[in-house]
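Listed here are the chains, written in short residue letters.
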Amino acid sequence: MKTVLTAAAAALALTVTTAQAFQHIVEYRIGGSQIVSAVASDPTEIEGSSNITIMVKDDPRPIVIETDGNTEDCALVLQDAIGNADVYVSIVSDNNAGTMNGFLILQCAAFQTLNPRQQ
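Reference entry: report on the structure contained in this document. (Residues numbered from 1 in each chain as written. Predicted model: local features only at pLDDT ≥ 70, side-chain atom pairs only at ≥ 80, totals over all residues. Heavy atoms only, no water.)

Spatially, S1-S5-S6 is the arrangement adopted by the three strands of the open sheet, whose pairing is antiparallel. The open sheet is flanked by strand S1 (25-31) and strand S6 (104-112), the only strands paired with a single partner. Each strand of the sheet is rotated relative to its neighbour by a mean of 15°, with strand direction disregarded. In this sheet, S6 lies alongside strand S5 (residues 87-94) in antiparallel orientation, the contact comprising eight bridges. Across the sheet, the residue bridging to Ser-90 is Ala-109, located in S6. Across the sheet, helix H2 (residues 72-81) is in contact with S5 and S6; its angle to S5 comes to roughly 155°. (Pairing = 2+ DSSP bridges. Helix = DSSP H or I, 4+ residues; strand = E, 2+ residues; numbered from the N terminus. Axes fitted to C-alpha atoms, helices over the stretch in contact; angles between N-to-C directions. Contact = heavy atoms within 4.5 Å.)

As a further point, take the nonpolar core. Counting residues in each nonpolar core, the largest one holds 15 residues, and the members touching the most others are Ile-35, Ile-54, Leu-78, Val-89 and Ile-91. Those elements giving two or more residues to this core turn out to be strand S2 (35-40), strand S3 (50-56), H2, S5 and S6. When sequence neighbours within four positions are dropped, the list of residues in contact with Val-89 reads Tyr-28, Arg-29, Ile-30, Ile-35, Val-77, Leu-78, Ala-81, Cys-108, Ala-109 and Ala-110. (Core = buried A, V, L, I, M, F, W, Y, C linked by side-chain atoms within 4.5 Å. Buried < 20%, exposed > 50% of the residue type's maximum accessible area, 1.4 Å probe, protein only.)

With that settled, the discussion passes to the environment of Gln-112. Topologically, Gln-112 is positioned in strand S6. The exposed category is assigned to Gln-112, whose relative accessible area is 54%. Remark: the alpha-carbon pair of Gln-112 and Gly-31, spanning 81 residues in sequence, is separated by 9.9 Å. Ignoring sequence-local partners within four residues, the contact set of Gln-112 consists of Asp-86, Val-87 and Tyr-88.

Further remarks concern the sheet that holds S2. Pairing is antiparallel in the open sheet, where three strands are placed in the order S2-S3-S4. Since the sheet does not close on itself, it has two edges, and those belong to S2 and strand S4 (63-67), each with one partner. Neighbour-to-neighbour, the strand axes of this sheet turn through a mean angle of 15°, independent of strand direction. One ladder, built from five bridges, connects S2 with S3; its direction is antiparallel.

Function cannot be read off these values alone, since they describe shape.
Have a look at this one:
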């Protein structure tokens, strides 16, 4: 009888626990000289998600990245990179995250370019 209960408990645990079948990771790489503006929105009252809206040169359409996490630090990284041809910003987003809305910025960082321009 003990074996039956253990097997039944294991079967119940497997049906209750869900696992993500895949990850959808997206990376945005934007050169500092291409960034015109970067604005972080406040979290929405109901869903709690926020956005980073990035405008780049020669494109009237904004890049909008949604996240269930904090956007202020990433906006600061982007704002520091505006107009700097020697850096690019990498934003890594999990678009199948285990959060309320399924979007989470995993990384937002500025990196030196491999071939900095000659001063």
